[in-house]
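# A structural walkthrough
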Amino acid sequence: MKIGTPKETAQGENRVAMTPESAGQLQKLGHSCLIETGAGDAAGFSDADYESAGVEVVKTAAALWKAADIVAKVRVPDESEMKKLREGQTLISFFSPVADEAKMNKAAEKGATVIAMEMIPRISRAQKMDALSSMANIAGYRAVIEAGNNFGRFFTGQITAAGKVPPAKVLVVGAGVAGLAAIGTSTSLGAITYAFDVRPEVAEQVESMGAEFVYLDFEEEQQDGAATGGYASVSSPEFREAQLAKFRELASEVDIVITTALIPNREAPELWTEDMVEAMKPGSVIVDLAAEKGGNCKLTVMDEKIVTDNGVTIIGYTDFPSRMATQASTLYATNIRHLMTDLTPEKDGVVNHNMEDDVIRGATIAHAKDVTFPPPPPKVAAIAQQKKKEPAKELTAEEKAAQEVAAFKAQTKNQVTLLAVGAAVVLGIGLIPGMPASFMQHFIVFVLSVFIGFQVIWNVAHSLHTPLMAVTNAISSIIILGALIQVGSSSWLITILAALGIFMASVNIFGGFLVTRRMLAMFQKS
């Protein structure tokens, strides 16, 4: 089939839904690619780049919509583009089915299939297609850059000949994809970073990135993230009041606030009130990533930057990914390419729109002249809602003692069995005609050493197995030395056993060094 990408009609939109690299991958799936002339210019991809990748450059948008079986774009189609949509055609783009219900109904009436990229289910298998996460990652990074551009000081603290410069204090509200990207960028620039999220389970992620998680002295059972599509659930009024009280405490301390709290198809919750803005120091900056849905800050103005009477800058831009068009286009085009891989399972250029597939069904909002929004919850939600296992019954002292005795008896039985088998094997070897008495003495010591070593290592916790490798390497070195002494023996059996000992000990030593090297590499900065 023919996959076409038109030039975005939205003012200021610099992204493009197909890059030369993604076009090459789509062609491997059996599709041919079309692009409107100039569609990639703002993202740094020229028509010549596309032509060299085997993409046909079409002069007008009308010609592209007419020729393409599948149209991939970034923004919601405008009215003129909706008129070009025809029966049997597939549209892949951000669509906002709640806000653009009329367009969704119109597409269904025409018999077109619409796949909304923001409706990709947030399940493990669909992460490679999750365009919301890709764009949120860029937005979080760019939010810190914009904040730094409007902040009058360094992020990191410095001691100079002219005096001491304190580090900036940054508060990130919401530790989703955008929030974590903002946290990582802020800490890497040297700022003291605080983060808050209604899901306390993300505290470990926040702290692992070098930020401090802001805890509330309030207990509320939060709905599991898997059951809510990976997003935070709506909190109770009591929790909200505790949350706002904590923010009021921090308002006068922090220099930069980045708000990211947003649930798809809902208005953004108001988290940073007017009195909090008034409490902030002159020169402080607020970057509101939820501005498109009303904003988390009371004073945010969509697509504008304002400065309050007390000198606080509030940034309400909604085009952060578009401000990094090359990177954003590359990630978005890759998301679409992965989606097309699922839609073309045979790699023969024929689309199989399988509505039984959780990912495809979840993202499809119009198909076969029907509106298919909202989709059923993914199967993973059913797993998340299963009853938790009942806690283990606490045993009495008598029951614990009985269990310990039973375990000791079972362990003793196993040890006796192993000893009996080992004794039988040693006896069998000792009855071999011509076996030297000196060999049997060494062999018995060897068998007993193996048995004791096995018992010692077997009882070590699994978490300590890798540190234990240093000890086993030392033991292996001793084995190699002993085997090297014995390898020149006049007995062919001793020579073979010595050679095997050298081989196995060498494998253990070199394997230990390899594993240790990989472990150390995990703690090295690339």
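Shown above is the structure to which this text applies.
One structure accompanies this document, and this report is about it. Quantities reported herein were computed from a predicted structural model and do not represent experimental measurements.

Cut-offs applied
- Residues numbered from 1 in each chain as written.
- Predicted model: local features only at pLDDT ≥ 70, side-chain atom pairs only at ≥ 80, totals over all residues.
- Heavy atoms only, no water.
- Core = buried A, V, L, I, M, F, W, Y, C linked by side-chain atoms within 4.5 Å.
- Buried < 20%, exposed > 50% of the residue type's maximum accessible area, 1.4 Å probe, protein only.
- Helix = DSSP H or I, 4+ residues; strand = E, 2+ residues; numbered from the N terminus.
- Contact = heavy atoms within 4.5 Å.
- Patch = residues over 30% accessible without salt bridge, like charges linked within 9 Å, V, L, I, M, F, W, Y side chains within 5 Å.
- Areas by Shrake-Rupley, 256 points an atom, 1.4 Å probe, with all protein chains shown as cover.
- Salt bridge = Lys/Arg side-chain N within 4 Å of Asp/Glu carboxyl O.

### Description of the nonpolar core
Residues Ile 92, Met 117, Tyr 332, Ile 336, Leu 339 and Met 340 are the most contacted members of the largest nonpolar core, which totals 38 residues. Going through the elements one at a time, helix H1 (20-28), strand E2 (32-36), strand E4 (70-72), helix H6 (131-150), helix H11 (325-343) and helix H12 (358-363) are the ones with two or more residues in this core. A per-element tally of this core places H11 first, with seven residues. In contact with Ile 336, other than residues within four places in its own chain, are Ala 17, Ala 72, Ile 92 and Met 117. One finds Ala 136, Phe 151, Ala 203 and Ile 315 within the second-largest nonpolar core, a separate group that totals 30 residues.

### Thoughts on a nonpolar patch on the surface
Residues Trp 492, Ile 496, Leu 497, Leu 500, Phe 503, Met 504 and Val 507 make up a contiguous nonpolar surface patch of about 760 Å² in total accessible area. With respect to the secondary-structure elements, Phe 503 resides in helix H17 (residues 492-521). The exposure class assigned to Phe 503 is exposed, which follows from its relative accessible area of 56%.

### With respect to the side chain of Glu 81
By the secondary structure assignment, Glu 81 is in helix H4 (residues 79-84). Classification of Glu 81 as buried rests on a relative accessible area of 3%. Apart from the residues within four sequence positions on either side, Glu 81 is in contact with Pro 6, Lys 7, Thr 9, Trp 65, Lys 73 and Val 76.

### Thoughts on unusual backbone geometry
Following Phe 373, the chain continues into Pro 374 via a peptide bond in cis, with omega recorded as 0°. If you trace the backbone, Pro 374 turns up in the loop between strand E17 (370-371) and helix H13 (379-384). Positive phi is not limited to glycine here, since Lys 347 has a value of about 55°. By secondary structure assignment, the location of Lys 347 is in the loop between H11 and H12. For Lys 347, a relative accessible area of 54% puts it in the exposed group. In this structure, Lys 369 is a non-glycine residue whose phi angle is positive, near 65°.

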